[in-house]
Amino acid sequence: MAAFHRTVPLSTPRIAETVCRLRCINCGDTPDSASQDFRCTACGDLLEFFFPGWTSGQPAFDPAALKSLWLTRRTSSAALDQSGVWRFRELLPHIAEEHAITLREGNTPLYHLPRCARATGVENLQAKHQGMNPTASFKDTGMTFAASSAHQGKFKWVACASTGNTSASMAAYAARGNMHSLVLIPEGKISWGKLSQSLDYGALTCQLRTDFDGCVRILNDLVRQKPVYLLNSVNPYRIEGQKTAAIELMEQLAWEPPDHIIVPGGNLGNSSAIGKALLEMRELKLISRLPKLSIIQAKGANPFYRSVREFGGKKLEPMTADTLATAIRIGNPASWKKALRVLQATGGEVEEVTEVEIAAAKAEIGADGIGCEPASAVTLAGLKKLRQSGFVKPGESVVLILTGHLLKDPDFTIKFHRGDLFAGTPEETEAAQAKYLQRAPVVLGANLGAVIASLDAAERNS
Ligand code: F0G
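S.K.: Before we go on, may I ask you to explain the packing of aromatic side chains in this structure?
M.R.: Scanning all chains against the criterion turns up 9 aromatic pairs. On the numbers, 3.9 Å between centres and 5° between planes, the contact of F51 with W54 is stacked. Assigned by exposure class, F51 and W54 land together as buried. Residues W86 and F145 carry aromatic rings whose centres are separated by 5.1 Å and whose planes lie at 55° to one another, so their mutual orientation is tilted. With a gap of 59 residues between them, W86 in the loop between α2 (79-82) and β4 (110-112) and F145 in helix α4 (residues 139-152) connect regions that are remote in the sequence. With respect to class, W86 is no different from F145; both count as buried. For R23, the ring lying beneath its charged end belongs to F50, and the centroid distance is 4.0 Å. The ring of F311 has K315 sitting right over it, with the charged end atom 4.4 Å from the ring centre.

S.K.: Whenever I open this one, the state of the cysteines confuses me. Can you help?
M.R.: Throughout this description, disulfide means a covalent bond between two cysteine sulfur atoms. The full count for this structure, using the stated rule, is 0 disulfides. For the unlinked cysteine C20, the closest cysteine sulfur is that of C24, found at 16 Å. Cysteine C160 shares no disulfide, and the gap to the nearest cysteine sulfur, in C215, comes to 9.6 Å.

S.K.: What's the story with the nonpolar core in this structure? I'm lost.
M.R.: Among soluble globular proteins, nonpolar side chains are generally buried collectively. Core analysis: the biggest nonpolar cluster contains 88 residues, and L91, L278, M281 and F304 have the highest contact counts within it. Look past the residues within four positions of F304 in its chain and what remains in contact with it is L268, I295, Q297, L316, W336, A339, L340, L343 and V350. Grouped together as the second largest cluster of nonpolar side chains are 30 residues, C116, L125, I296 and V392 included.

S.K.: What should I look at first to understand the environment of N232 in this one?
M.R.: The topology assignment puts N232 in the loop between β9 (228-230) and α8 (236-252). With sequence-adjacent residues up to four places away left out, N232 is seen in contact with A159, C160, A161, F212, L219 and R238.

S.K.: Help me out: how do you make sense of the side chain of S148 in this one?
M.R.: Tracing the backbone through its elements, the reader meets S148 in helix α4. Given the relative accessible area of 0%, S148 is considered buried. If we ignore the near neighbours within four places in the chain, the residues touching S148 are W86, I95, H99, A100, I101 and M143.

S.K.: Would you mind going over the site of the ligand with me for this structure?
M.R.: Around the ligand sit 20 residues in total, of which S162, G266, N267, L268 and T403 are the nearest. Here an oxygen atom of the ligand and a side-chain polar atom of S162 are 2.7 Å apart. In the environment of the ligand, an oxygen atom lies 2.8 Å from a nitrogen or oxygen atom belonging to the backbone of G266. Considering the ligand on its own, with 480 Å² of exposed area, one finds that the protein chains cover 98% of that surface. Mapped onto the shell around the ligand, the elements with two or more residues apiece are α5 (165-176) and α9 (269-283). Within the shell around the ligand, the residues separate by chemical class into 7 nonpolar, 11 polar and 2 charged.

S.K.: Got a minute to help me understand the sheet that holds β9 in this structure?
M.R.: To summarise the sheet geometry, strands pair through backbone hydrogen bonds and adopt either a parallel or an antiparallel arrangement. Spatial strand order, β8-β7-β6-β9: 4 strands in an open sheet with parallel pairing. Across the chains shown, the open sheet's two edge strands, defined by having one partner strand only, are β8 (204-208) and β9. Strand-to-strand twist in this sheet, taken as the mean axis angle between neighbours without regard to direction, amounts to 25°. Relative to β8, strand β7 (residues 180-186) runs parallel, the two sharing 5 bridges. When the bridges of β8 are listed, L182 appears paired with L204. Against the sheet, helix α6 (residues 192-200) contacts β7 and β8, and its axis sits at roughly 145° relative to β8.

Rules behind the numbers
Residues numbered from 1 in each chain as written. Predicted model: local features only at pLDDT ≥ 70, side-chain atom pairs only at ≥ 80, totals over all residues. Heavy atoms only, no water. Phe/Tyr/Trp six-rings, centres within 6.5 Å; stacked < 30°, edge-to-face > 60°. Buried < 20%, exposed > 50% of the residue type's maximum accessible area, 1.4 Å probe, protein only. Helix = DSSP H or I, 4+ residues; strand = E, 2+ residues; numbered from the N terminus. Lys NZ or Arg CZ within 6 Å of the ring centre and 35° of its normal. Disulfide = S-S within 2.5 Å. Core = buried A, V, L, I, M, F, W, Y, C linked by side-chain atoms within 4.5 Å. Contact = heavy atoms within 4.5 Å. Near = heavy atom within 4 Å. Polar contact = N/O pair within 3.5 Å; in protein donor to acceptor, adjacent residues only side chain to side chain. Areas by Shrake-Rupley, 256 points an atom, 1.4 Å probe, with all protein chains shown as cover. Nonpolar A, V, L, I, M, F, W, Y, C, P; charged D, E, K, R; others polar. Pairing = 2+ DSSP bridges. Axes fitted to C-alpha atoms, helices over the stretch in contact; angles between N-to-C directions.

Take a look at the structure:
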């Protein structure tokens, strides 16, 4: 896995080529290549890509030329230009075009959320819906890039441990790139929608009797023994691909950063990637100021929240995680140090939200006609808390990153609307507050009168 790369040469002469390298986030070692587990061989911490030319004091790029080049690509019919990841390839390590595996990922919409805006008292509230990616989650933006690096490295097998979305995405990209994929998922703790994706895309899917963190441990041991390419977000190519969500967002906002970006936190790769992109864009003068990047966790899976609030970010205590938002049911997040760095650099905040707050927020996003999976809804639930604490002010602009599609976990949604989600659980009493958001299906006889009566009743209540 070579670490020296040049960005793709461009026809625009004002845009220089740059070199990128790997660096350990802890000891600063700069290895020429990464080991199988993508850990620093000197100290065991995570690796990241950095671009020495961007911090040399010399302007690496002409920002205006770069922005215009990226815009022009939107009218191109070339596969790489149509991808919302590869379109920004100047800010990524170089991967030769013949190895690029793309499903035209990225290009996700930015929506206004008028009802949620009214409910939170934040007038300028938008959501970037990463669930509108080819496999319906944000994972595709990192996966197109990291799967392509596996292809470039001539790997036959790729593998990941997952709470369901990484595995769905990896299986799809592996299939497109003619590679085999191995999925390790916690048995019974991922949604059927996600499991069905990896089966259909042809992965070898192993449901292990453990949690996500247990799957990660086994996978790390496996990659040290077998020539299998690790596609979890400790792989720095994943982070590079996921950076493009933030670049695309800034382009959609005409390069005027919002005051706040709010993301869910699980394994903390996504927040790290978005934060890295923001810092790099400021360095390259593509944006002039940084949005505050805030990270929200479920209360039952909140090791990062506790790390920041209780230990000032000095350590992270792993925990046994539990939340119905299964995507973020993670007790030992790999990228917590990277996330801490961007939290501090952007002046963001951490929050935790309850199961009922997540379910209510999900229904509220749904009522705006957008919808998302439970883990994504922590962003709106977190925003409410950040409004209460005064961290987010009414006049400020906020972008929520919705990470997965509503149809990823229909079980959760149906149970919520039927009133079954919290029945018999300690949350039952708290859940009564969210009852007004429930829209249980109405079962009627096949007769017109019954339907009209139902319609009239709904009209009276609206
Ligand atoms: N939202 C969704 C829908 C997710 O699937 C995940 C993570 C996150 C948020 C958290 O992102 O881990 O980068 O902090 N899902 C992983 C998976 C762990 O295996 O699919 P993170």
